[in-house]
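Remarks on the overall topology
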Amino acid sequence: MGKPEPLVAPPSRCHGTAVLPAKLTLLLIAIVFFLSTSFLPFSFPTISLALNDPWQGLAAHCKDAQPIHATEFLERQRQLAHALYALNGSAYVAEPGASALFFGNISGEVLAQVTVLTPSFEEDRAKLLSVPGVDVTYVMWQEDDDPYAVGVDALPTSSRGPIYVDGMTRHFIVDGFQKAAPGLSVLPAPPALTSLRERKSPSEIALLKCANEVTLLAIRAVQAQMHIGMRESQVIQMIDEALAVAGLTERWALVLFGENAALPHGAGTDRVLDTSDLILIDTGGVLFGYHSDVTRTFRLEESEIPEDHSRMWWDVHAAQATALRIARAGIVTAEVDQAARTELNKRGFGPYFTHRLGHGIGLEDHEAPYLRGGSSVVIQIGHAFSNEPGIYIRGKVGIRLEDCFYINGGGAAVYLTGGVGGQARDPLHP
């Protein structure tokens, strides 16, 4: 039959308690198009390790990590219900992806009654979705029905508030709900809703820490196996193997030697590593849905790096340290970006720092909020960001150092890689 038909899942009809009026009913709608193994219980790859395996220790680092517990999903749904109530909203719509995974474990006492709306012939497959909730029910639509109208019909007749949609929702879905409910406004989700995912819980921080720590350990393990004369493609294969042993899924790596690193996200040329080359590795993966993202620019023991390149490395290192020192709860994100930029400006390399300082990280590798100029977002407890200043001189050299950090309960910035040393020590010790 080709690809599976879309599943349309509006999970969460929230009934009132002593906190809210008894007749209040809200609906969380998640449109799920494909049943993916990413929504099923995670498992680590089975890899046999030789006695003298170069990746020894990586497999053990995150072996005790646990996925987000079902009770946390219910608490997220409860918070969403309260936020929607405060906004007088009727529903929240998210396509499969990070937001649907965050609220429904699919891609809360306001109690969440989860309703899954699905094509009738996909009912059995829809029931395979691991969706937390109380008294989950399934509503089917026939192929000649309008699924958006069926979804709107699932709302209580008293619902007249806006339908809020996740920022990643495609326009045809927004248009479908607008046509099915011409009397309701269909609006982008406001900060009161988006902030629920932006601010990480202790369980989320624990997964982000482990994923980022083991990614840094993998880079160090790869460095120990490298030698002059290797190709970029060989190092990419090594990184993938190391991250697989570590238990990360959705692995990726960018490996650039020498002047190839002058393009921040260059594809490389599979060039051979020379003694005068710095090595840039930008890599990451996923642990129970949560991402890592670490970049190191480093040398080998036998490298003979030009003195000016080594000085640039320390300039980038200083910019990264300055940004972490400035970052804290209550500071505007643009100020952190500017702090790193000012540090490189006074060292003569400001024009060669060509991208924003950082991005949010969590269920997506790049997510809001961002550390960039012009942003008015205020940093809050629970936010997590990358901190990745760089110097890029076309045809000559590229240097970037990246560690992600989070804002702890005291409002301070703490590296997610801090448990294994955090920021690089020097060009030889990433």
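Residues numbered from 1 in each chain as written. Predicted model: local features only at pLDDT ≥ 70, side-chain atom pairs only at ≥ 80, totals over all residues. Heavy atoms only, no water.

Turning our eyes to something else, we now look at the packing of aromatic side chains. Under the defined criterion, the tally for this structure stands at 6 aromatic pairs. Both rings, one in F102 and one in F103, keep their centres 4.9 Å apart while their planes meet at 85°; by these two values the pair is edge-to-face. Taken individually, F102 and F103 each receive the classification buried, so the pair is uniform in this respect. Considering the side-chain rings of F385 and F405, the 5.6 Å spacing of their centres and the 40° angle between planes classify their relative orientation as tilted. Separated by 20 residues along the polypeptide, F385 in strand 15 (residues 384–387) and F405 in strand 18 (residues 403–407) bring together distant segments of the chain. Overall, the relative accessible area of 0% leaves F405 in the buried class. Taken together through their ring pairs, the aromatic side chains of Y92, F102 and F103 make up a single cluster. Sitting over the face of the ring of F73, R76 holds its NZ or CZ atom 5.0 Å from the ring centroid. Sitting above the plane of the F353 ring, R341 keeps its charged end 4.1 Å from the centroid. (Phe/Tyr/Trp six-rings, centres within 6.5 Å; stacked < 30°, edge-to-face > 60°. Buried < 20%, exposed > 50% of the residue type's maximum accessible area, 1.4 Å probe, protein only. Helix = DSSP H or I, 4+ residues; strand = E, 2+ residues; numbered from the N terminus. Lys NZ or Arg CZ within 6 Å of the ring centre and 35° of its normal.)

Further remarks concern the pattern of salt bridges. Note that side chains of opposite charge can pair when their charged atoms are close. As enumerated under the stated definition, the model contains 22 salt bridges in all. Between K179 and D175 there is a salt bridge, with the nearest N and O atoms lying 3.1 Å from each other. Placement of the pair is K179 and D175 together in helix 6 (residues 171–180), with a separation of 4 residues, close to one helical turn. According to the relative accessible area criterion, K179 is exposed, its value standing at 63%. Looking at D175, the relative accessible area reads 29%, which means it is partly exposed. Its salt-bridge partner being R341, residue D337 comes within 2.8 Å of it at the nearest N-O pair. (Salt bridge = Lys/Arg side-chain N within 4 Å of Asp/Glu carboxyl O.)

To continue, consider unusual backbone geometry. Of note, the bond from A368 into P369 is cis; its omega dihedral lies within 30 degrees of zero at 0°. Among the structural elements, P369 can be located in strand 14 (residues 367–371). A positive phi angle, close to 60°, is found at D270, a residue other than glycine. Judged by its relative accessible area of 29%, D270 falls in the partly exposed class. Phi is positive for F288, close to 50°, though the residue is something other than glycine. Relative to the assigned elements, F288 resides in the loop between strand 10 (279–287) and strand 11 (290–291).

The pLDDT averaged across the protein works out to 85; a share of 83% of its residues lies at or above 70. When the criterion is pLDDT under 50, residues 2–50 qualifies, and its contacts beyond four places in sequence or with other chains add up to 160 contacts. Of the regions scoring below 50 in pLDDT, residues 108–113 engages in 28 contacts with residues more than four places distant in sequence or in other chains. (pLDDT = per-residue confidence, 0-100. Contact = heavy atoms within 4.5 Å.)

Here the focus is helix 9 (residues 232–246). The α-helix advances 3.6 residues per turn, and as a result positions three or four apart in sequence lie on the same side. Compared with an ideal rise of 1.5 Å per residue, which puts 15 residues at 21 Å, helix 9 spans 21 Å between its outermost C-alpha atoms and is within 8% of the ideal. For helix 9, every residue scored as buried is listed here: E232, V235, M238, I239, A242, L243, A244, V245 and A246. Contacts made by the buried residues of helix 9 are with helix 1 (58–61), helix 8 (202–225), strand 9 (249–257) and strand 10. G247 sits one or two residues past helix 9 and shows a positive phi near 95°. (Expected span 1.5 Å × (residues − 1).)

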